[in-house]
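So you can see what is in the structure, the chains are spelled out below.
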Amino acid sequence: MLARVNVEMKSDADGLEIKALDLRAPGATQLRLSGRLGTTPAGIQFQGSTQVEANDPRAFVAWLTERTEEPSAGAGPWRLAGDVTLGSDAIAIERMKLELDRMTVAGRVAYAWTVEDRPARLDAALTATEIDLDRVQLLVQGMLGGAAFDWPREGALSLKIGRGLIAGVEAKQADVNVKFGATGLAIEQFAVADFGGAALAIKGRIGTNAQAPRGALTLDLDARALDGVT
């Protein structure tokens, strides 16, 4: 059930221009978007700006994915804003700002579903002042439930985190830049200034296109305690 639907749009030969669309969706969600809906060689595509504020993100995601079961993990209000490009096989969000459970993540992210000649791909460049990765994992699993998403087999990931929690261990000033694909994993930078009492930096490459993974890594470790590394 949708409520308070207000829309202003204009159609032409190239598609549909959505000047403004506001509606209330399940999960006490306020959705606002504007942009253009048109066709590309790959199919229908929307490109524009989007704002989503959901008091119950579990119910909102369940509605989006046509899921009826209720996930068990709880989550607070969820807010997302950014410039979205959504097609039949991919979604990209530029200038993204996500607020979830008192955590804020900014940057860009793009995900492409598996197609016949290409595996699923993820490209992301994200920054966060403070984040609990264990909590994020639980929240995402709870919101997605049984929704099917192909695990990405190729892509690039860049992370800059001021302070984070990983498996209950505090990490400070993390800077990660990795690429992965069919031939292996390239770690251009994996640096943590303080990971449970240790400064850690890793660079190198691991190839996975042979019968057994092989490669070389350079490790720089300066530790007064090994709790985090262990």
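In the block above lies the structure referred to throughout.
Attention here is on the structure that accompanies the text. (Residues numbered from 1 in each chain as written. Predicted model: local features only at pLDDT ≥ 70, side-chain atom pairs only at ≥ 80, totals over all residues. Heavy atoms only, no water.)

## Here we look at the packing of aromatic side chains
Inference 1: Under the definition given, this model contains 3 aromatic pairs.
Inference 2: Note on Phe 60 and Trp 63: the rings are 6.0 Å apart at their centroids and 35° apart in plane angle, and the pair reads as tilted. Note that Phe 60 and Trp 63 are positioned in helix H1 (residues 57-64) at a spacing of 3 residues, about one turn of the helix.
Inference 3: Among the residues examined, Phe 60 registers a relative accessible area of 4% and is labelled buried.
Inference 4: Trp 63 gets classed as partly exposed once you look at its relative accessible area, which sits at 32%.
Inference 5: Judged by centre distance (5.3 Å) and plane angle (85°), the ring pair of Tyr 111 and Trp 113 falls under edge-to-face.
Inference 6: Grouped by ring-pair contacts, the aromatic residues Phe 60, Trp 63 and Trp 78 constitute a single cluster. (Phe/Tyr/Trp six-rings, centres within 6.5 Å; stacked < 30°, edge-to-face > 60°. Helix = DSSP H or I, 4+ residues; strand = E, 2+ residues; numbered from the N terminus. Buried < 20%, exposed > 50% of the residue type's maximum accessible area, 1.4 Å probe, protein only.)

## Side note on unusual backbone geometry
Inference 1: With phi around 50°, Arg 4 is a residue other than glycine that occupies positive phi space.
Inference 2: Relative to the assigned elements, Arg 4 resides in strand E1 (residues 3-12).
Inference 3: Classification of Arg 4 as exposed rests on a relative accessible area of 65%.
Inference 4: In this structure, Ala 28 is a non-glycine residue whose phi angle is positive, near 50°.

## Remarks on the nonpolar core
Inference 1: If you look at the biggest cluster of nonpolar residues, it comprises 30 residues, and the most contacted ones within it are Leu 33, Phe 60, Trp 78, Leu 80, Met 96, Val 105 and Ile 131.
Inference 2: Look past the residues within four positions of Leu 80 in its chain and what remains in contact with it is Thr 50, Gln 51, Val 52, Ile 93, Met 96, Lys 97 and Leu 98.
Inference 3: Within the second largest apolar cluster, 5 residues are counted, among which are Val 176, Ile 187, Leu 200 and Ile 202. (Core = buried A, V, L, I, M, F, W, Y, C linked by side-chain atoms within 4.5 Å. Contact = heavy atoms within 4.5 Å.)

## Overview of the side chain of Thr 29
Inference 1: Positionally, Thr 29 belongs in strand E3 (residues 29-40).
Inference 2: Excluding anything up to four places from it in sequence, Thr 29 contacts Leu 23, Arg 24, Val 52, Glu 53, Ala 54 and Phe 60.

## Regarding the pairing of strand E7 (residues 103-112)
Inference 1: By the bridge criterion, 9 bridges tie strand E6 (residues 90-100) to E7 in an arrangement that is antiparallel. For Ile 91, the partnering residue across the bridge sits in E7 and is Tyr 111.
Inference 2: Hairpin geometry of E6 and E7 is characterised by an intervening segment of 2 residues between the two adjacent antiparallel strands and by a positive phi of about 55° at Asp 101. (Pairing = 2+ DSSP bridges.)

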